[in-house]
Number of protein chains: 2
Amino acid sequence: MKVAIQGEAGSFSHEAAKRMVQGCTIVPCARSAEVFDRVERGSVSAAVIPIENSLAGSVAEHFDLLLARNVFIRQEYRLRIVHNLIAPPGVRMGDIRRVYSHPVALDQCRDFFRKHPGIEATPFYDTAGGVKHVIESGLRDAAGIAGRQAAAVYKGRTLAAGIEDDKRNFTRFFLIRKGRHIVPDANKTSIAFTVRNVPGALFKALSVFALREISLAKIESRPMRGRPWEYVFYADLLCGDDKVARNALRHLAESASLVKVLGVYLAAR
Amino acid sequence: MKVAIQGEAGSFSHEAAKRMVQGCTIVPCARSAEVFDRVERGSVSAAVIPIENSLAGSVAEHFDLLLARNVFIRQEYRLRIVHNLIAPPGVRMGDIRRVYSHPVALDQCRDFFRKHPGIEATPFYDTAGGVKHVIESGLRDAAGIAGRQAAAVYKGRTLAAGIEDDKRNFTRFFLIRKGRHIVPDANKTSIAFTVRNVPGALFKALSVFALREISLAKIESRPMRGRPWEYVFYADLLCGDDKVARNALRHLAESASLVKVLGVYLAAR
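Cut-off values and rules
- Numbering of residues starts from 1 in each chain and follows the order in which that chain's sequence is written.
- To label them, take the chains in the order written and letter them from A, then take the ligands in the order written and number them from 1.
- Confidence filtering applies because this is a predicted model: local features only for residues at pLDDT of at least 70, side-chain atom pairs given and counted only at 80 or more, and all residues used for totals across whole chains, interfaces and linings.
- Water and hydrogen atoms play no part in the side-chain values, which are based on all heavy atoms of the structure.
- Strand pairing requires that DSSP identify at least two bridges connecting the strands.
- Every helix listed is a DSSP run of H or I at least four residues long, and every strand listed is a run of E at least two residues long, numbered separately from the N terminus.
- A clockwise path from the first strand over the helix to the second, with the strands pointing away from the viewer, defines a right-handed crossover.
- A fitted line through C-alpha atoms serves as each axis, taken over the contacting stretch for helices, and the angle formed by two N-to-C directions is quoted from 0 to 180°.
- Between N or O atoms, a polar contact is any pair within 3.5 Å; within protein, one atom must be a potential hydrogen donor and the other a potential acceptor, and residues adjacent in sequence are included only when both atoms are from side chains.
- Any two residues whose heavy atoms approach within 4.5 Å are treated as being in contact.
- Summary of the burial criterion: residues with accessible area below 20% of their type's maximum are buried, those above 50% are exposed, and those between are partly exposed, where the area comes from a 1.4 Å probe applied to protein chains only.
- Just so you know how the angles are binned, under 35 degrees is roughly parallel, over 145 roughly antiparallel, 65 to 115 roughly perpendicular, and the rest oblique.
- Two helices crossing with the near one rotated counterclockwise from the far one by less than a right angle form a left-handed crossing, whereas a clockwise rotation gives a right-handed crossing.
- Gly is put with the polar residues, along with every residue not named as nonpolar or charged; the nonpolar set is Ala, Val, Leu, Ile, Met, Phe, Trp, Tyr, Cys and Pro, and the charged set is Asp, Glu, Lys and Arg.
- When the copies are overlaid, the least-squares fit takes in C-alpha atoms only where the residue has pLDDT of at least 70 in both copies.
- In summary, the pairing rule links any two rings of Phe, Tyr or Trp, Trp by its six-membered ring, whose centres are within 6.5 Å, and it sorts them by plane angle into stacked for under 30 degrees, edge-to-face for over 60 and tilted for everything else.
- A pair is scored as a salt bridge if a Lys or Arg side-chain nitrogen falls within 4 Å of a carboxyl oxygen belonging to Asp or Glu.

Give me the lowdown on the pairing of strand S1 (residues 2–6) of chain B, citing residues and values where you can.
Residue and element names in this part refer to chain B. Of the strand pairs in this sheet, S1 and strand S2 (residues 25–29) are connected by 5 bridges, and their pairing is parallel. For Gln6, the partnering residue across the bridge sits in S2 and is Cys29. As for the winding sense of the linkage, the β-α-β connection from S1 through helix H1 (residues 12–20) to S2 is right-handed.

Before we move on, could you go through the sheet that holds strand S7 (residues 98–101) of chain A and cite the residues and values that matter?
Residues and elements named next belong to chain A. Pairing in this open sheet of 5 strands is mixed, and the strands run S8-S7-S9-S6-S10 from one edge to the other. Taken across any chain shown, the strands that pair with only one partner, and hence form the sheet edges, are strand S8 (120–123) and strand S10 (157–160). Strand-to-strand twist across the sheet, computed as the mean angle between neighbouring axes with direction ignored, equals 35°. As paired strands, strand S6 (residues 84–87) and S10 are joined by 3 bridges and run antiparallel to one another. Bridge pairing links Ile86 to Thr158 in S10.

With reference to specific residues and values, describe the side chain of Arg222(A).
Relative to the helices and strands, Arg222(A) resides in strand S13 (residues 216–224). There is a polar contact of 2.6 Å between the side chain of Arg222(A) and the side chain of Asp64(A). Once residues lying within four places of it in the same chain are set aside, the contact partners of Arg222(A) are Ala60(A), Asp64(A), Glu230(A), Tyr231(A), Val232(A), Tyr234(A), Leu55(B), Ala56(B) and Gly57(B).

Before we move on, can you summarise helix H3 (residues 60–68) of chain B with the specific residues and values?
Burial within H3(B) is extensive, with 7 of its 9 residues counted as buried. Residues Ala60(B), His62(B), Phe63(B), Asp64(B), Leu65(B), Leu66(B) and Leu67(B) constitute the buried set of H3(B).

An account of the packing of helix H8 (residues 201–210) of chain B against helix H9 (residues 243–255) of chain B is needed here, citing residue identities and associated values.
All names here are of chain B. Here H8 crosses H9 at 165°, and the two axes come no closer than 9 Å. Taken as axis vectors, H8 and H9 run roughly antiparallel relative to one another. For the pair H8 and H9, the crossing hand works out as right-handed. Seen from H8, the contacting residues are Ala205, Val208 and Phe209; seen from H9, they are Ala248, Leu249, His251 and Leu252. Classifying every residue of the contact of H8 with H9 gives 6 nonpolar, 1 polar and no charged.

Which residues make up the relation of the copies chain A and chain B, and what are the values?
By a simple turn and slide, chain A fits onto chain B: the slide is 0.0 Å along the axis, the RMSD is 0.0 Å, and the turn is 180°. The symmetry that links the two subunits is that of a two-fold axis. Among all residues of chain A, the minimum C-alpha distance to the rotation axis is found for Glu220(A), at 2.1 Å. Take the interface residues of chain A: 100% of them recur as interface residues in chain B, which is what a same-surface contact looks like.

I'd like a rundown of the packing of aromatic side chains, residues and numbers included.
All names here are of chain A. The tally for this structure, following the rule as stated, stands at 13 aromatic pairs over all chains. Taking the centre distance of 5.7 Å and the plane angle of 85° together, the rings of Tyr100 and Phe124 count as edge-to-face. One end of the pair, Tyr100, is in strand S7; the other, Phe124, is in the loop between S8 and helix H6 (127–136), with 24 residues separating them in the sequence. Look at Tyr100 and you get buried, because its relative accessible area is 10%. We classify Phe124 as buried; its relative accessible area is 16%. Ring pairs connect the aromatic residues Tyr100, Phe124 and Tyr125, which therefore count as one cluster.

Now, about the pattern of salt bridges: what can you tell me, with residues and values included?
Residues and elements named next belong to chain A. Per the stated rule, a full pass over the model turns up 40 salt bridges over all chains. A salt bridge links Glu76 to Lys188, with the shortest nitrogen-to-oxygen separation between them at 2.9 Å. Taken as a pair, Glu76 in strand S5 (residues 72–80) and Lys188 in strand S12 (residues 188–194) lie far apart in primary sequence, 112 residues in all. A relative accessible area of 10% places Lys188 in the buried class. Taking the shortest distance from any N to any O, the salt bridge between Arg98 and Asp141 comes out at 3.0 Å. Placement of the pair is Arg98 in strand S7 and Asp141 in the loop between H6 and strand S9 (142–146), with a sequence separation of 43 residues. Residue classification places Asp141 among the partly exposed residues on the basis of a relative accessible area of 26%. Connected through shared salt-bridge partners, Glu52, Glu76, Arg172, Lys188, Lys218, Glu220 and Asp236 make up one network.

Please set out the environment of Ser215(A) residue by residue, giving values where relevant.
With respect to the helices and strands, Ser215(A) occurs in the loop between helix H8 (201–210) and S13. Sequence separation between Ser215(A) and Lys18(A) is 197 residues; the distance between their C-alpha atoms is 31 Å. What Ser215(A) contacts, discounting residues up to four positions off in sequence, is Asp236(A), Leu237(A), Leu238(A), Val198(B) and Pro199(B).

The following block contains the structure:
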């Protein structure tokens, strides 16, 4: 089964995809729009996309694409983000002068750099891309910081594992496919909706869930693409595809100008 | 007046700061936490921070810092993001083979790269940093994409202005200072609050505004730092510091476990 991801092979998306779909073949794409294109066209069976990190927040572009494109969320997965120091084979800790990684990852490993003042943190546009860069360029005084999958893909050596400061660092991933399909024990629903720009409009919209005792796990407003400062709301509801949930969504559609069900799936534990 | 920004001199934060505080002296800081440290310590009078981009979404880290730190939002500003191609002096359009910029900026200038297939888009960790890099390294076949301020700061030549695909690209900035101060015509209030994890809790919280016909301009839930998947809500209310607004916030505090007023200020037009 072919699964598209955004970014380089060896990234955290790669790691999440391997765990969500055993034995899948990864198709790395430079841009997120391309990931969604491939799913819609059918040149891959599915895609795995990060949607939210517990420290860094939402991946805004993926919310926009879930709204705009003809795809459906089929699975949710929560990956613990473990950062490793990965060097070219033969390079030892004492040789390292520079470490390449994405600025967010470098910032999440500040203790490591405090303990190794002779090593310079060098911002790079991607975590796995940093490992690829040091290994393919044959650097003898450099390493990258990335997930374990990057060491496997680029045949690097992990010199230090789990060097992130905060162990409570998780990223939520969605597996998306083209067709709408709901597993029988689905218990979580992601929706997008817009409301009229009048006082109390969101309050009224949320009443359809409160009246039916459906919990909101998350809500977020995002500016609508091309209409600065008009907002679309993204919400996660703790309900599956039962009669009460369907009534609530029908009720919501009476006052909301747009309601899209992005997926109904089993909540990650 | 000294104003701290995150990132290199010449960035969009630099541009916003110059427009918000005429004649200010910019203090660039590598990390956002350092920007807030400086404001709290008083080693700068103020800081200017991006909070939300109409295409790329919220700056999650700045929401977290507004909640955690002893600072107050004093002004809001909306900057149109204009991307320019900036080259070292003497380098002409025909010489350019690579263009360095932040991946988000490169992605916002796709038409430019389609029209110039001989020029390679090269991801860099920062927009202004890319311009600094090509000029300070003396590259003769490269340029950067950044705001106009970067050309001024690094003495680059703007070879093409306004090369962003979507002109409806804005970033909201806040000016933050240490003391709580509210201008008389303030008409917008930013708050953070948490609610109990029970069905309808957010609905109840929002009722305090709906009952008083106070509009929500924006709402967003963010995972709480260190407590994955527990959420804090950030909301912008269209109200100033009057009796009705104070009653609403008092009413909110009855059911919310935490309410923090992040600032009361004049809304940007």
